[in-house]
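Here is what each chain is made of, one letter per residue.
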Amino acid sequence: MERMEVMMPWPPSTNSIWRNVGKRTLLSKEARVYRNRARGELLAQGAANTKLAGRVAVEVMLYPHNARAFDIDNKLKALLDALTYSRVWLDDGQVDEILVRRAEEHRDGGQALVIIKTMEVGEHGDGSTGDDTECDDDA
């Protein structure tokens, strides 16, 4: 199992990463700026262009810049997309598990600590073997 730990800039909310222009939906300027800033930081940490293959598990610790309320799930899209854009992995569709936590500690500007672990074939975080005989997802 491979493990990678990176510190990323505070991600924009999912609510602000898309803009409708006529009939088209485009990445907002804020999202493009974030993606490029994140790539620069991932390059500096030696994580960009790693191109992890296979299934991965991701842990995220969000360190907000202040005590203002935010939805932790709204921070994931920009984070995962920035990791894909920076070629840390081949595609965020490789992510099988995500654990997101809100830190009590505030950091200047806000930050997101991201830990990525490659998973072995058949490995699942719930201890299962991947045998779906007990659970029918279509039910």
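What counts, and at which threshold
Residues numbered from 1 in each chain as written. Predicted model: local features only at pLDDT ≥ 70, side-chain atom pairs only at ≥ 80, totals over all residues. Heavy atoms only, no water. Pairing = 2+ DSSP bridges. Helix = DSSP H or I, 4+ residues; strand = E, 2+ residues; numbered from the N terminus. Axes fitted to C-alpha atoms, helices over the stretch in contact; angles between N-to-C directions. Contact = heavy atoms within 4.5 Å. pLDDT = per-residue confidence, 0-100. Buried < 20%, exposed > 50% of the residue type's maximum accessible area, 1.4 Å probe, protein only. Salt bridge = Lys/Arg side-chain N within 4 Å of Asp/Glu carboxyl O.

Asker: How should I be thinking about the sheet that holds strand E1 (residues 3-9) in this particular structure?
Answerer: To summarise the sheet geometry, strands pair through backbone hydrogen bonds and adopt either a parallel or an antiparallel arrangement. Read from one edge of the open sheet, four strands run E1-E6-E4-E5, paired in mixed fashion. For this open sheet the edge positions go to E1 and strand E5 (95-102), each flanked by a neighbour on one side alone. When strand polarity is set aside, the average angle formed by the axes of neighbouring strands in this sheet is 15 degrees. For strand E4 (residues 56-63) and E5, the ladder comprises seven bridges, and the chain directions are parallel. Bridge pairing in E5 places methionine 61 opposite arginine 101. Sheet contacts for helix H2 (residues 76-85): E1, E4, E5 and strand E6 (111-118); angle to E6, the most-contacted strand, approximately 55 degrees.

Asker: Any chance you could explain the confidence of the model for the protein chain here in plain terms?
Answerer: Reading predicted coordinates in detail is not appropriate for stretches of low pLDDT. Here the protein chain shows a mean pLDDT of 89. Residues at 70 or above account for 88%. Of the regions scoring below 50 in pLDDT, residues 126-139 engages in five contacts with residues more than four places distant in sequence or in other chains.

Asker: What should I look at first to understand unusual backbone geometry in this one?
Answerer: Backbone geometry follows two general trends: most residues other than glycine have a negative phi, and most peptide bonds adopt the trans configuration. At asparagine 49, a residue that is not glycine, the phi angle is positive and equals roughly 65 degrees. Among the residues examined, asparagine 49 registers a relative accessible area of 35% and is labelled partly exposed. The phi dihedral of lysine 51 falls on the positive side, at around 55 degrees, and the residue is not glycine. Relative to the helices and strands, lysine 51 resides in the loop between helix H1 (29-44) and E4. Overall, the relative accessible area of 45% leaves lysine 51 in the partly exposed class.

Asker: Whenever I open this one, H2 confuses me. Can you help?
Answerer: In an α-helix, one full turn covers 3.6 residues, which means residues spaced three or four apart are oriented alike. Among the residues making up H2, those that are buried are Leu76, Ala78, Leu79, Leu80, Ala82 and Leu83. Those residues of H2 hidden inside the fold are in contact with E1, H1, E4, E5 and E6. At the exit of H2 stands arginine 87, carrying a positive phi of roughly 60 degrees.

Asker: Looking at this model, I keep getting lost on the pattern of salt bridges. Mind explaining?
Answerer: Pairing between side chains becomes possible if they bear opposite charge and their charged atoms approach one another. Taken as a whole and assessed by the stated rule, the structure comprises six salt bridges. Notably, a salt bridge pairs arginine 37 with glutamate 41, separated by 3.4 Å at the nearest N-O pair. Of this pair, arginine 37 and glutamate 41 both sit in helix H1, four residues apart, roughly one helical turn. Residue classification places arginine 37 among the partly exposed residues on the basis of a relative accessible area of 49%. By relative accessible area, which is 26% here, glutamate 41 ends up partly exposed.

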